[in-house]
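So the chains spell out like this:
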Amino acid sequence: MRQILVAGNWKLNGSRDSIEQLISGIVAGADKTGSTQIAVCPPFVYIPQVAERLAGSKVAWGSQDVSDQDSGAFTGEVSAPMLNEFNCTYAIVGHSERRSLYAEDDAFTARKFAAARKAGLIPILCVGETLEEREQGVTESVVARQLDAVINLEGVEALNDAVIAYEPVWAIGTGKTATPQQAQDMHAFIRGTLAGLNAGVADKVQILYGGSVKGANAAELFAMADIDGGLIGGASLDASEFLTICSAGA
Ligand code: 13P
């Protein structure tokens, strides 16, 4: 039985003060969210603050990105070993905003995935199609290509220590959530693709849905057979809304 994981991706939001309030609110209600696993991914500079506040709580933390390099002359990068020093559990890789706004391709994403795993972080590998790709009927081939890049570099067994997040780009920040059935269909496609390579990995890997998840729609999404939680953007910036989503998985 896979556990539900709800991870907040705070993106480029927050300040010392607002994060202090957000974390206080989340910690105050986290124990009432049953067996749901919870994580938050703040901007890099706030990771120490979050780590200090969350140590000993049920809420884990992670980064929104990670370098494909461990150290060296790579200005502006933050490496997986550095994130380890702040006890990050997770590192998001291949978010669609990295792919589209910063031109990060499948091969680069796969190298970030590898760097995170090598340091003992759990990569949250984001996959998903654009609206144009969905309308062209290539949704499955796009997602298969994004998965293949990682599988070809690291082997399918690498997904034993990873999380996948299916985030249709057209549903991110738009208020347009995929219907539970649309999401389930893609999650089943992802799990089926993996099952063709390794049934054990397919059965174990948590596949999160992301894209306009809110308190009001989380329960029906998480009730689907192959949806194991959510990667939450906007709604993770409000403690009570985020906790409602966490409770939807309990
Ligand atoms: P929203 O929940 O704001 O649509 O963002 C989803 C997302 O991109 C999470 O990584």
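The structure we're discussing is the one just above.
## What about the pattern of salt bridges?
Inspection of the entire model under this criterion finds 18 salt bridges. We note a salt bridge from D203 to R2, for which the minimum N-O separation is 3.8 Å. In this pair, D203 sits in helix α9 (residues 199-204) while R2 sits in the segment before β1 (5-9), placing the two residues 201 residues apart along the sequence. Two residues, D228 and R2, come together in a salt bridge whose shortest N-O distance is 3.0 Å. Note that D228 is positioned in the loop between α10 (218-222) and β8 (229-232) and R2 in the segment before β1, a separation of 226 residues in sequence. Classification of D228 by relative accessible area gives buried; the value is 4%. What emerges from the salt-bridge pattern is a single network uniting R2, R191, D203, D226 and D228.

## A look at the site of the ligand
Inspection of the region around the ligand gives N9, K11, H95, E167, A171, I172, G173, G211, S212, L231, G233 and G234 as its neighbouring residues. Backbone polar atom of S212 to an oxygen atom of the ligand: 2.8 Å apart, as the coordinates give it. For the ligand, an oxygen atom lies 2.8 Å from a polar atom in the backbone of G234. In the complex, the protein chains occlude 94% of the 310 Å² of accessible area that the ligand would expose alone. When its residues are assigned to classes, the shell around the ligand shows three nonpolar, seven polar and two charged.

## What about unusual backbone geometry?
The backbone of N87 shows a phi angle near 55°, a positive value even though the residue is not glycine. Overall, N87 belongs to the exposed group, its relative accessible area being 53%. Phi angles above zero are rare outside glycine, and A103 is one such case at about 55°. In this structure, A103 sits in the loop between α4 (96-101) and α5 (106-118).

## Quick notes on the sheet that holds strand β7 (residues 206-210)
Here eight strands make up a closed barrel; going around it, the order is β1-β2-β3-β4-β5-β6-β7-β8 and the pairing parallel. Adjacent strand axes in the sheet meet at a mean angle of 25° when their direction is disregarded. The sheet contact formed by strand β5 (residues 122-127) and strand β6 (residues 163-166) spans four bridges and is parallel. Considered in β6, the bridge of I124 is made with V163.

## A look at helix α8 (residues 180-195)
Taking 1.5 Å per residue as the helical rise, α8 with its 16 residues ought to reach 22 Å, and the 22 Å between its terminal C-alpha atoms agrees with that figure. For α8, every residue scored as buried is listed here: P180, A183, Q184, M186, H187, F189, I190, R191 and L194.

Reading the values: the criteria
Residues numbered from 1 in each chain as written. Predicted model: local features only at pLDDT ≥ 70, side-chain atom pairs only at ≥ 80, totals over all residues. Heavy atoms only, no water. Salt bridge = Lys/Arg side-chain N within 4 Å of Asp/Glu carboxyl O. Helix = DSSP H or I, 4+ residues; strand = E, 2+ residues; numbered from the N terminus. Buried < 20%, exposed > 50% of the residue type's maximum accessible area, 1.4 Å probe, protein only. Near = heavy atom within 4 Å. Polar contact = N/O pair within 3.5 Å; in protein donor to acceptor, adjacent residues only side chain to side chain. Areas by Shrake-Rupley, 256 points an atom, 1.4 Å probe, with all protein chains shown as cover. Nonpolar A, V, L, I, M, F, W, Y, C, P; charged D, E, K, R; others polar. Pairing = 2+ DSSP bridges. Axes fitted to C-alpha atoms, helices over the stretch in contact; angles between N-to-C directions. Expected span 1.5 Å × (residues − 1).

Nothing here speaks to function; it is geometry throughout.
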